[in-house]
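Spelled out, the chains give:
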Amino acid sequence: MSGPWWATLRRELTLIWRSPADMVQPLFFFMVVVSLFPLGLSPKPELLALVAPGVVWVAALLAVMLSLDGLFRRDQESGALDQMLTAPVVSVLPVSAKLLAHWLLTGLPLALMAPLLGYMMQLPVPALATLTYSVLLGTPTLTVIGAIGAALTVGLNRGGILLALLILPLYVPVLVFGAGVVRAAVDGSPTQGLLAVLGALLALALSLGPLAVAMGLRISAGD
C-alpha cells in the first residue's frame, strides 16, 4: 500500500510545484489581509496587539479556504479523479497523500509566515512561538475539513459559495481555540490545555477526515 501512497504524494507535490500560483495566492492573500488591518484600524501597538490573535487566525483560515476550491477540480477535468476512485487500492490512501501534499505547499508556508505577521501586528515576542504552534496544529485540520466540502462540491459549477457555507461553521472551533491560545500567551496564561485541544482536533481530523473526503468524492461522482 505504501508504494501507491508515495507515488501519489510525489505526483501531487510535483503538480502543485509546477503551478506556483497555487502556492503564492494563499500566502499573498494572508499577507495582504493582515497588512491591511493596521491601515484600517490604528497603528497604536496596544490596539494591534489586542486584535492580532483574531486577525492572524481569521486571515489564515480564509487563506486555507481560498486554496481549497480547486483541490479536486483539476483531477476531475483530467479524469484522474475517476481513476483514483476506481483504483484497486483503497481510495483513502491517495486522498490522504493528496491532502498532505496540499498542506505541505500551502498550509505549512502559512504557519512559517505567521510569526512574521504576528510580529508586525505587535504581538509580544514570547507569544510568537505559541502562534506558530497553533497555526501548525490548526491548518492541517482546516485543510482536512475544507477538503470534505471540496469533495462534495467538486462537480458543481460555482461551487465556491456552497463550499464556504459548508465548511465555515466547522471551522469555528479551530478558530476559537487557535486565537484563544495566542490570546492566552499574550496574557501570560497557561497554553498547554488549548494546544492540547487543537492537537485533539487534528487527531480527529486525520483519523476520520480522509475517509470522509473519499466518501464525498464518491457521492459527487455518483457511485
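Residues numbered from 1 in each chain as written. Predicted model: local features only at pLDDT ≥ 70, side-chain atom pairs only at ≥ 80, totals over all residues. Heavy atoms only, no water.

### Remarks on the overall build of the chain
Summing up its helical and strand segments, the chain has nine helices and zero strands in all. Each helix and strand of the chain, placed in order from N terminus to C terminus, yields the pattern α-α-α-α-α-α-α-α-α. Long-range contacts, defined here as pairs at least 24 residues apart, represent 81% of the contacts in the chain between residues at least 6 apart. Roughly 10700 Å² of accessible area belongs to the chain as shown, and the carbon and sulfur atoms make up 72% of that amount. (Helix = DSSP H or I, 4+ residues; strand = E, 2+ residues; numbered from the N terminus. Contact = heavy atoms within 4.5 Å. Areas by Shrake-Rupley, 256 points an atom, 1.4 Å probe, with all protein chains shown as cover.)

### What about helix α6 (residues 92–120)?
Taking 1.5 Å per residue, 29 residues should reach 42 Å; α6 reaches 40 Å between its end C-alpha atoms and fits that length. At W103, α6 shows its maximal bend, which comes to roughly 40°. Among the residues trailing α6, Q122 stands out with phi positive, at a value near 70°. (Expected span 1.5 Å × (residues − 1). Bend = angle between axes of the 7 residues up to and from the residue.)

### Some details on the layout of surface pockets
Counted as a void, the largest pocket has a volume near 260 Å³. Contributing to the lining of the largest pocket are 15 residues, with D22, S67, G70, L71 and H102 lying nearest its centre. Looking at the lining of the largest pocket, the elements that each hand over two or more residues are α1 (2–17), α2 (20–40) and α6. Each residue belonging to the lining of the largest pocket can be placed in one class, and the counts come to five nonpolar, five polar and five charged. (1 Å grid on protein atoms, 1.4 Å probe; cavity = no way out; pocket = protein on both sides within 12 Å on 5 of 7 lines; lining within 4 Å. Points joined across faces, edges and corners; volume = space filled by probe spheres on them. Nonpolar A, V, L, I, M, F, W, Y, C, P; charged D, E, K, R; others polar.)

### Re the side chain of T143
Relative to the helices and strands, T143 resides in helix α7 (residues 125–153). The contacts of T143, once residues within four sequence positions are left out, are V64, L68, L99, H102 and W103.

### Looking at a nonpolar patch on the surface
Taken together, the side chains of L152, L156, I161, L162, L165, L166 and I219 make up a nonpolar region of the molecular surface, amounting to roughly 650 Å² of accessible area. Here the element with the most residues in the nonpolar patch is helix α8 (residues 160–187); it accounts for four residues. With respect to the helices and strands, L152 occurs in helix α7. (Patch = residues over 30% accessible without salt bridge, like charges linked within 9 Å, V, L, I, M, F, W, Y side chains within 5 Å. Salt bridge = Lys/Arg side-chain N within 4 Å of Asp/Glu carboxyl O.)

### What to know about the packing of α2 against helix α3 (residues 45–66)
Relative placement of two packed helices is described by the angle separating their axes and the distance separating the axes. With their axes 9 Å apart at the nearest point, α2 and α3 run at an angle of 155° to one another. In terms of their interaxial angle, α2 and α3 are classed as roughly antiparallel. Seen from above, α2 lies across α3 with right-handed handedness. Residues Q25, P26, F29, F30, V33, V34, F37 and P38 of α2 form the contact with α3, whose participating residues are L48, V55, V56, A59, A60, L62, A63 and L66. Residue composition of the contact of α2 with α3, grouped by class: 15 nonpolar, one polar and no charged. (Axes fitted to C-alpha atoms, helices over the stretch in contact; angles between N-to-C directions. Parallel < 35°, antiparallel > 145°, perpendicular 65-115°, else oblique. Left-handed = near helix turned anticlockwise from the far one by under 90°.)

### Let's talk about the confidence of the model for the chain
With 88% of its residues at a pLDDT of 70 or more, the chain has an overall mean of 85. Helix α5 (residues 80–86) is the least confidently modelled element of the chain, averaging 65 in pLDDT, while α7 averages 92, the highest of any element. (pLDDT = per-residue confidence, 0-100.)

### Notes on the environment of V24
Here V24 is to be found in helix α2. The sequence separation of V24 and T106 amounts to 82 residues, and the corresponding C-alpha distance is 8.2 Å.

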